[in-house]
Amino acid sequence: MTELIERSGKATHQETRAHNSRLVLSTIYDRGPISRADVARLTGLTRTTVSDVVGELIRDGLAREIGRGPSTGGKAPILLEVTDDARHLVGLDLGEKAFRGAIVDLRGEVVSAIEVPVDDRDGDVAIDRVFRLVDRLLATTDRPILGIGIGTAGLIDTTVGTVLQAVNLDWRDVPLGALLRARTGLPVYVANDSQATALAEHVFGGPRTSNLIVVKVGEGIGAGLVLGGRLFQGDGFGAGEIGHMTVCPGGTLCRCGRLGCLETVASSRAIVASLAGTGIANLDEAVAALRAGDERVRAVVEAAGRELGLAVAWLVGTLNVERVLLVGSVAEFGEPWLAAVRETMQSSALALITQDTTVEIGRLHDDAVVLGASALLMTRELGLSLAGLPSEVAADVAEVPSAGVAAEASA
Ligand SMILES: [Zn+2]
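Description of the structure in this document. (Residues numbered from 1 in each chain as written. Predicted model: local features only at pLDDT ≥ 70, side-chain atom pairs only at ≥ 80, totals over all residues. Heavy atoms only, no water.)

**Examining the pairing of strand β3 (residues 78–82)**
Item 1. Here strand β1 (residues 34–35) pairs with β3 via 2 bridges, running antiparallel. Its bridge partner lying in β3, S35 is registered against L79.
Item 2. In the sheet, strand β2 (residues 63–68) pairs with β3 via 4 bridges, with the strands oriented antiparallel. Within the sheet, the bridge partner assigned to E65 lies in β3 and is L80. (Pairing = 2+ DSSP bridges. Helix = DSSP H or I, 4+ residues; strand = E, 2+ residues; numbered from the N terminus.)

**Some remarks on the nonpolar core**
Item 1. Counting residues in hydrophobic clusters, the biggest one holds 42 residues, and the most contacted among them are V215, V297, L308, L326, F333 and W337.
Item 2. Listed by contribution, the elements that provide at least two residues to this core are β12 (212–217), β13 (221–227), α9 (268–274), α10 (283–291), α11 (295–319), β15 (323–327) and α12 (335–347).
Item 3. The biggest single contributor to this core is α11, with 10 residues.
Item 4. Filtering out sequence-adjacent residues up to four positions away, F333 remains in contact with I271, L283, A286, V287, L290, V297 and V301.
Item 5. Formed by 38 residues, the second largest nonpolar core is a distinct cluster that contains L23, V24, I28 and L106. (Core = buried A, V, L, I, M, F, W, Y, C linked by side-chain atoms within 4.5 Å. Buried < 20%, exposed > 50% of the residue type's maximum accessible area, 1.4 Å probe, protein only. Contact = heavy atoms within 4.5 Å.)

**Describing the coordination of the zinc ion**
Item 1. The coordination sphere of the zinc ion contains the protein donors H244 (ND1), C254 (SG), C256 (SG) and C261 (SG), at a distance range of 2.1 to 2.3 Å.
Item 2. Taken together, the 4 donor atoms coordinating the zinc ion span angles of 104 to 123° at the metal, a pattern that classifies the geometry as tetrahedral.
Item 3. Look at where the donors of the zinc ion fall in the sequence and you get H-x9-C-x1-C-x4-C. Just as C254 is buried, C261 falls in that class too. (Donors = N, O, S within 2.8 Å, 3.2 Å for Na, K, Ca; no water. Tetrahedral: all angles 85-135°; square planar, octahedral: opposite > 155°, others 65-115°.)

**Quick notes on the packing of helix α2 (residues 13–31) against helix α4 (residues 47–59)**
Item 1. One can describe the packing of α2 onto α4 by two numbers: an axis separation of 10 Å at closest approach and a directional angle of 80°. One element, α2, and the other, α4, form an angle in the roughly perpendicular class. The residues of α4 that touch α2, namely those facing R17, N20, S21, V24, L25 and I28, are T49, V53, V54, E56 and L57.
Item 2. Residues belonging to the contact of α2 with α4 are distributed by class as follows: 6 nonpolar, 3 polar and 2 charged. (Axes fitted to C-alpha atoms, helices over the stretch in contact; angles between N-to-C directions. Parallel < 35°, antiparallel > 145°, perpendicular 65-115°, else oblique. Nonpolar A, V, L, I, M, F, W, Y, C, P; charged D, E, K, R; others polar.)

**Section: α11**
Item 1. Counted at 1.5 Å a residue, the expected span for α11 with its 25 residues is 36 Å, and the 35 Å between its end C-alpha atoms agrees.
Item 2. Those residues of α11 that fall on the buried side of the exposure criterion are V297, V300, V301, A304, G305, L308, G309, A311, V312, A313, L315 and V316.
Item 3. Two residues or fewer past α11, N320 is found with a positive phi of approximately 50°. (Expected span 1.5 Å × (residues − 1).)

**Considerations on the layout of surface pockets**
Item 1. Within this model, the largest pocket holds a volume of roughly 1,100 Å³.
Item 2. G95, E96, K216, G328 and S329 are, among the 47 residues lining the largest pocket, the residues nearest its centre.
Item 3. The element that contributes the greatest number of residues to the lining of the largest pocket is helix α7 (residues 193–204), accounting for 4 residues.
Item 4. Looking at the lining of the largest pocket residue by residue, the classes come out as 17 nonpolar, 16 polar and 14 charged. (1 Å grid on protein atoms, 1.4 Å probe; cavity = no way out; pocket = protein on both sides within 12 Å on 5 of 7 lines; lining within 4 Å. Points joined across faces, edges and corners; volume = space filled by probe spheres on them.)

**Details of the pattern of salt bridges**
Item 1. Per the counting criterion, the structure on display carries 16 salt bridges.
Item 2. Across the pair E115 and R100 runs a salt bridge, and its minimum N-O distance is 3.3 Å. Of this pair, E115 sits in strand β6 (residues 110–117) while R100 sits in strand β5 (residues 98–104), placing them 15 residues apart in sequence.
Item 3. The exposure class assigned to R100 is buried, which follows from its relative accessible area of 16%.
Item 4. Here the residues in one salt-bridge network are R100, E115 and D367, joined through shared partners. (Salt bridge = Lys/Arg side-chain N within 4 Å of Asp/Glu carboxyl O.)

**Comments concerning the packing of aromatic side chains**
Item 1. Applying the stated criterion to the full structure yields 0 aromatic pairs.
Item 2. The ring of Y29 carries the charged tip of R107 above its face, separated from the ring centre by 3.8 Å. (Phe/Tyr/Trp six-rings, centres within 6.5 Å; stacked < 30°, edge-to-face > 60°. Lys NZ or Arg CZ within 6 Å of the ring centre and 35° of its normal.)

**Re the sheet that holds strand β7 (residues 145–152)**
Item 1. Pairing within the open sheet is mixed, and its 5 strands lie in the order β6-β5-β4-β7-β11. The sheet terminates laterally at β6 and β11 (188–192), the two strands that pair on one side only. Within this sheet the neighbouring strands show an average axis-to-axis angle of 15°, counted without direction.
Item 2. Looking at chain direction, strand β4 (residues 88–94) and β7 are connected through 7 bridges and run parallel. In the strand pairing of β7, V90 is matched with I148.
Item 3. Across the sheet, helix α6 (residues 176–184) touches β4, β7 and β11, and the angle it forms with β11 is around 155°.
Item 4. Here α7 sits on the sheet and contacts β7 and β11; the angle it forms with β11, its principal contact strand, is near 100°.

If you want it as structure tokens, here you go:
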């Protein structure tokens, strides 16, 4: 495919160089330490092209030589690897109760993090908070900054970074990406928080599988879908927006203005509302009461788990994805809730499909959205974040790199 682009004449010289650079960098990132000859063999590029590109990457500080590998007869080859802290990234999670920001290196290691509580999340105030958080984070690093990745609840047009609608933040058509780009001069990518979490669990949460469903359950509910190794967003960025599907026609009024949405029966708000009159006022108190053996809380939490289990069954029945992860503040309830979700999922879809499906709590916890937003940024800006993909998927990506990058980037 690379050769094809080189021959076709359709790509400009500059495009071809950028394409080759991404291909070589992602190969060193995935397979390093690796020799130039092996990069050439894996990418199908000529040795001369690889040497030129590697020279540029070394000059840019993105790759480095780390000594000689074992000899296979002749002179031992010099090995290359990506310099993990050659660039730092800013990752933001505009969460329910707090805005969390982190400086992250090219391997997804959090270098520093800042969290600010959010009480007033009204439009302009919230945007000002985001600006100040970014300023504070940028002041903590002297490395070149690759860009800013943001995960936030709601329907996001990721091509321009505009929050089309965030029920929980009371945002509508907020051009967050454009505002931050204008202010910092950096590339900015904005993604839905559930989708960002799915990407993070896929890239950094191991074990790597081609398909993955991540359901985030907090005040809001949303799913992120990784299909065929890539984040699937649907035709209008709304894939996985299950929180406002009607599950109880004529039910409780939802914040979106309609009745009986999934969020009205399975979210943290729904659980706390169901405990009215028990003296339990918030989710933390409910989690503590459950751990202390409170049977009323247990019954409410299991009922919420069953409602969620039905929604998960629909996703599993539709997509036949065998790995489902649950994340978000409601996952703090742990086993009784997880068991209710699992049992309902198992009994509400075709057994042949659900018998091989596992439902577990996600692994990345607090950093998931930040890491997902960072992964999105790395994919878009450098063509990275494909590390550790099963070899057949990696080979597919290597063959059609530009298409692969575009698909994931439209995240
Ligand atoms: Zn709703």
